[in-house]
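So you can see what is in the structure, the chains are spelled out below.
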Amino acid sequence: MDISELLDGLNDKQREAVAAPLGNYLVLAGAGSGKTRVLTHRIAWLIAVEGISEGSIMAVTFTNKAAAEMRQRIESTLSQHSSRRLFGMWVGTFHSIAHRLLRAHYLDANLPQDFQILDSEDQLRLLKRLLKLHNYDEKMFPAKQACWYINNKKDDGLRPHQIDDNNDKQEREWINIYRIYQDTCDRAGLVDFAEILLRAYELFLKKPVILQRYRQRFQQILVDEFQDTNKIQYAWIRLLAGETGNVMIVGDDDQSIYGWRGAQVENIQRFLDDFHKAKTIRLEQNYRSTGNILQSANQLISNNSNRLGKDLWTEGDKGEPVGIYAAFNELDEALFVSSQIKIWQEDGGELNDCAVLYRSNSQSRVIEEALIRAQIPYRIYGGMRFFERQEIKDALAYLRLIANRQDDAAFERVINTPTRGIGDRTLDVLRNLTREREITLWQATQLAIGENKLAGRSATALLRFCELINSLAQETEEMPLFAQTDFVIKHSGLYEMYKQEKGEKGEVRIENLEELVSATREFIKPDDAEDMSDLSAFLTHASLEAGEEQASPHQSCVQMMTLHSAKGLEFPRVFMVGVEEGLFPSFMSLEEPGRLEEERRLAYVGITRAKQKLTICYAESRRLYGKEERHIPSRFINELPQECIQAVRLRGTVTRAYNQSAVGSVKISPLNDSGWKTGQKVKHGKFGTGTVINVEGSDNNTRLQIAFQGQGIKWLIAHLANLEKL
Ligand SMILES: Nc1ncnc2c1ncn2[C@@H]1O[C@H](COP(=O)(O)OP(=O)(O)OP(=O)(O)O)[C@@H](O)[C@H]1O
Ligand SMILES: [Mg+2]
């Protein structure tokens, strides 16, 4: 093919990266400068010009959606001359690639062939159960913290025996919890998200022959959004690349927003140190946003320290100023957004081109309601995802048990859904058996029945349950996946159960179950899942991929998502809502060094999603988590250049003038009758200084939630805590 075609639509710096000789490269550049575009063209270049076989290329993207897009783009670039599909190339997220490896080498990875993925909610449930079973005090060892502990250790590549307890009793207990949890997962053939990565890493470490094979195969490795890789991902890439691999990473330190989840922006520097003769290429021209938007983003991020430093410029127009809308409250904000979207639509704009971005999922409901009232279709990325809904998880749990009887998480979920008279006492007998004999719940059930450990009625009920699962498996064995799913929903009792649920909620659940059947009907098994059964492939898809997007809507609709999930995307029209002190930046971030800067990077990510028009909203009062609070505009608004922003005033309504002088200090809420207010600085004998972030109850029952510097967040009873107001 004509080489120039591969370089068309690229500037000089981009070309340099795309056409660079084989080697190690860091493409370091700000938002919208074409990093992802460079990566895509580079792959096409490697295949078409360097003559590299597509089977030697691995590309890591941040979402599965991005992976699909990248594959499609490369295919269409290359197929201008010959139509081809890139079967041999591996493109996906770290998780999907690692999962693929584990599937291919399940024996070497010490997993059963039909191992299943445990999502975050299932993980938490399982931990709750295990902590109880092993008599851990819930207050001292909350399940959430256990989850966090375990995932963190795994992200750092550590197994229980590798963790140093420093002679600390508490730490020893956490290590023990990790061990108990891991043993249970291993028996049940379950892997959580962090486990997928760690196990794939260990697979390479423990099986040099396998590592060697993949090293020889994947000579070309490319990673997008590198600033958000964690320790284990970095170690894995390094191991795979070895001395001979060629690695191109692209990233932007200013967009590192997953530090709270273990991502290490230092990996960029580490790459330069570790990879032989790694060369840095910088891109500085932004192609995405108008001048006003870009200048706002640049100025905002200049408030952060320790940046690698980048200048972004654009040849484009200044465009409209960035709008700042001061809403009275969250309802006013939602109404404003929906009315602006209507105007956009009436002016001929596409709904698909509009995005509403928020800091936390809980903000979406009010906006959704306003959109529904205005009859504007929308789609939510993340949030309550389709595959996370209760009824869907129930149905999936039956399917999982059919695929693998040892799946304890699925067993627990459906053993009494719908109710079949199996009480907690019976379950406790089973759970205790799993602990004593180190077996799974399914095995414990067989044992308990076999050894007559249960009262007659319970034994019968359990026996019936096992028969139900076995017969569902048998009867659907030969069916196509959608028929199997439909059959299981109808014959497990789930359908009947939800049919009886009153009102709209029940109807929606039934609709969702039907939607699940359609989802299985439309499901196309990906190329990399050839050796899996349709059912296993679908279950994997449900846990790994589908979280990114709500099922179905085919019409054009407004895109709603958190700022975190907007990374890498772009939209002509963007609304950033809830840009208030205490919400964004969040109160928690104010107390931890480094966190405020991460919040600012998140704001930078948000602003740089916009191509043509950006509006930033804040509400002066907001009801969130059931409490009404007065807010002041975020310091981030204050950090934008005056000449690029403009207060939005609506015709016919009076909006308060946008007042920058009020920006930047801690929000003040009205006094609680106990005399406490949020924002109050306090000193505590043991925990030191902190800020009140929540006030609940009154008089002697007043409870304060306080973010202590370096000590985390605690709830204290106000009149007992002996607090000094500062
Ligand atoms: N040389 C170019 N000429 C015209 N348009 C370009 C050029 N390079 C990139 N673009 C366009 O600019 C936009 C941003 O590109 P891209 O998404 O690759 O940037 P990015 O650096 O990956 O951004 P982010 O940091 O947000 O991930 C895209 O719409 C892309 O098609
Ligand atoms: Mg990108």
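Cut-offs applied
Residues numbered from 1 in each chain as written. Chains lettered and ligands numbered in written order. Predicted model: local features only at pLDDT ≥ 70, side-chain atom pairs only at ≥ 80, totals over all residues. Heavy atoms only, no water. UniProt positions renumbered as here; feature names shortened; annotations may be inferred. Helix = DSSP H or I, 4+ residues; strand = E, 2+ residues; numbered from the N terminus. Buried < 20%, exposed > 50% of the residue type's maximum accessible area, 1.4 Å probe, protein only. Contact = heavy atoms within 4.5 Å. Areas by Shrake-Rupley, 256 points an atom, 1.4 Å probe, with all protein chains shown as cover. Near = heavy atom within 4 Å. Polar contact = N/O pair within 3.5 Å; in protein donor to acceptor, adjacent residues only side chain to side chain. Nonpolar A, V, L, I, M, F, W, Y, C, P; charged D, E, K, R; others polar. Axes fitted to C-alpha atoms, helices over the stretch in contact; angles between N-to-C directions. Parallel < 35°, antiparallel > 145°, perpendicular 65-115°, else oblique. Salt bridge = Lys/Arg side-chain N within 4 Å of Asp/Glu carboxyl O. Phe/Tyr/Trp six-rings, centres within 6.5 Å; stacked < 30°, edge-to-face > 60°. Lys NZ or Arg CZ within 6 Å of the ring centre and 35° of its normal. Left-handed = near helix turned anticlockwise from the far one by under 90°. Pairing = 2+ DSSP bridges. Core = buried A, V, L, I, M, F, W, Y, C linked by side-chain atoms within 4.5 Å. Expected span 1.5 Å × (residues − 1).

As annotated in an unreviewed UniProt entry, the protein carries the name DNA 3'-5' helicase and is attributed to Basfia succiniciproducens. On record in UniProt, under Sequence similarities (unreviewed entry), the comment for the protein is "Belongs to the helicase family. UvrD subfamily."

Chemist: Can you explain the overall build of the protein? Please cite residues and give values.
Modeler: Helices and strands together make up the secondary structure of the protein, namely 27 helices and 21 strands. Seen through its C-alpha atoms, the protein measures out along the principal axes to roughly 80 × 75 × 60 Å. In the protein, buried positions account for 56% of the 726 residues. In the protein, once contacts between residues fewer than 6 apart in sequence are set aside, the share between residues at least 24 apart is 74%. Approximately 32,400 Å² of the protein is accessible, and the part contributed by carbon and sulfur atoms is 47%.

Chemist: Quick rundown of the site of ligand 1? Include the residues and the values.
Modeler: Around ligand 1, a shell composed of 19 residues is seen, among which K35, T36, Q255, E570 and R609 lie nearest. R37 places a main-chain nitrogen or oxygen 2.9 Å from an oxygen atom of ligand 1. Q255 places a side-chain nitrogen or oxygen 2.8 Å from an oxygen atom of ligand 1. Burial of ligand 1 by the protein amounts to 84% of the accessible area it has alone, namely 640 Å². Here the residues of the shell around ligand 1 are counted per class, giving three nonpolar, ten polar and six charged.

Chemist: If you had to explain the packing of helix 13 (residues 291-301) against helix 26 (residues 595-607) to someone new, which residues and values would you point to?
Modeler: Between helix 13 and helix 26, the shortest axis-to-axis distance is 9 Å and the interhelical angle comes to 175°. In terms of their interaxial angle, helix 13 and helix 26 are classed as roughly antiparallel. When helix 13 is examined against helix 26, the residues I293, A297, L300 and I301 are found in contact with a partner set consisting of R600, R601, A603, Y604 and I607. Tallied by class, the residues present in the contact of helix 13 with helix 26 amount to seven nonpolar, no polar and two charged.

Chemist: Explain the environment of E507 residue by residue, including any values.
Modeler: Counting through the fold element by element, E507 comes out in helix 23 (residues 503-522). Classification of E507 by relative accessible area gives exposed; the value is 51%. On a C-alpha basis, the gap between E507 and L723 in space is 51 Å, while along the polypeptide they are 216 residues apart.

Chemist: Account for the environment of L239, naming residues and giving values.
Modeler: By secondary structure assignment, the location of L239 is in helix 11 (residues 231-241). Note on L239: relative accessible area 17%, which makes it buried. Along the backbone, L239 and F204 are 35 residues apart, and their C-alpha atoms lie at a distance of 7.6 Å. Once residues lying within four places of it in the same chain are set aside, the contact partners of L239 are Y201, F204, L205, L211 and R215.

Chemist: Describe the pattern of salt bridges, naming the residues involved and giving the relevant values.
Modeler: Tallying each qualifying case throughout the model produces 45 salt bridges. As a salt-bridge pair, D274 and R238 come within 3.4 Å of each other at their nearest N and O atoms. Placement of D274 in helix 12 (residues 267-274) and of R238 in helix 11 is noted, with a sequence separation of 36 residues between them. The class of D274 is partly exposed, set by a relative accessible area of 28%. Relative accessible area serves as the criterion here: at 41%, R238 is assigned to the partly exposed category. Within the structure, one salt-bridge network assembled from shared partners comprises D119, E121, D122, R125, K393, D394, R400, D407 and R413.

Chemist: Lay out the packing of aromatic side chains with the relevant residues and their values.
Modeler: Given two aromatic rings, one states the distance between the centres and the angle between the planes to describe the pair. Evaluation of the coordinates by the stated rule reveals 20 aromatic pairs. A ring pair is formed by F204 and W236, whose centres lie 5.7 Å apart and whose planes are at 10°; its orientation type is stacked. Here the residue F204 occupies a position in helix 9 (residues 193-206), and W236 occupies one in helix 11, the gap between them amounting to 32 residues. Of the two residues examined, F204 and W236, each falls in the buried class. Aromatic ring contacts, followed pair by pair, group W90, F94, F204, Y214, F218 and W236 into a single cluster. A cation sits over an aromatic face here: R405 above W442, 5.7 Å from the ring centre. Here K567 stacks its cationic end above the ring of F62, 3.6 Å away from the centre of that ring.

Chemist: Lay out the packing of helix 6 (residues 120-133) against helix 8 (residues 169-188) in plain terms, naming residues and giving numbers.
Modeler: Geometrically, a packed helix pair is captured by the angle between its two axes and the distance between the axes. Packing of helix 6 against helix 8 leaves a shortest axis separation of 10 Å and a crossing angle of 115°. Handedness of the crossing formed by helix 6 with helix 8: right-handed. Touching Q123, L126, L127, R129, L130 and L131 of helix 6 are I177, I180, Y181, T184 and C185, all from helix 8. Considered class by class, the residues forming the contact of helix 6 with helix 8 number eight nonpolar, two polar and one charged.

Chemist: I'd like to hear about the sheet that holds strand 3 (residues 90-92), residue by residue, with values.
Modeler: Across the sheet, which stays open at both edges, the six strands sit in the order 3-2-6-7-1-8 with parallel pairing between neighbours. In the strand order of this sheet, the two ends are held by strand 3 and strand 8 (279-283), each with one partner. The average undirected angle you get between the axes of adjacent strands in this sheet is 10°. As defined by bridge partners, strand 2 (residues 57-60) adjoins strand 6 (residues 220-223) across four bridges and the pair is classed as parallel.

Chemist: Any chance you could break down the nonpolar core for me, citing the residues and the numbers?
Modeler: Here is a general trend for soluble globular proteins: nonpolar side chains tend to be buried in one another's company. Counting 67 residues, the largest nonpolar core has F204 and W236 as the members making the most contacts within it. Of all the elements, helix 8 adds the most residues to this core, at eight residues. If near-sequence neighbours (up to four positions away) are discounted, W236 is found in contact with M58, F94, I97, L101, A200, Y201 and F204. Judged by nonpolar contacts, the second largest core, of 53 residues, contains W442, V517, L535 and F538.

Chemist: So, the environment of S589: which residues are in play, and what are the values?
Modeler: On the secondary structure map, S589 appears in helix 25 (residues 587-591). In the structure, S589 is positioned ten residues away from E599 in sequence and 7.3 Å away in space, judged by C-alpha atoms. Beyond its immediate chain neighbours, meaning those up to four positions away, S589 contacts R595, L596 and E599. At 2.6 Å, the side chain of S589 forms a polar contact with the backbone oxygen of S586.

Chemist: Mind laying out helix 9, listing which residues take part and the relevant values?
Modeler: The end-to-end C-alpha separation of helix 9 is 20 Å, in line with the 20 Å expected for 14 residues at 1.5 Å each. Burial analysis of helix 9 places eleven of its 14 residues in the buried class, which makes it a mostly covered element.

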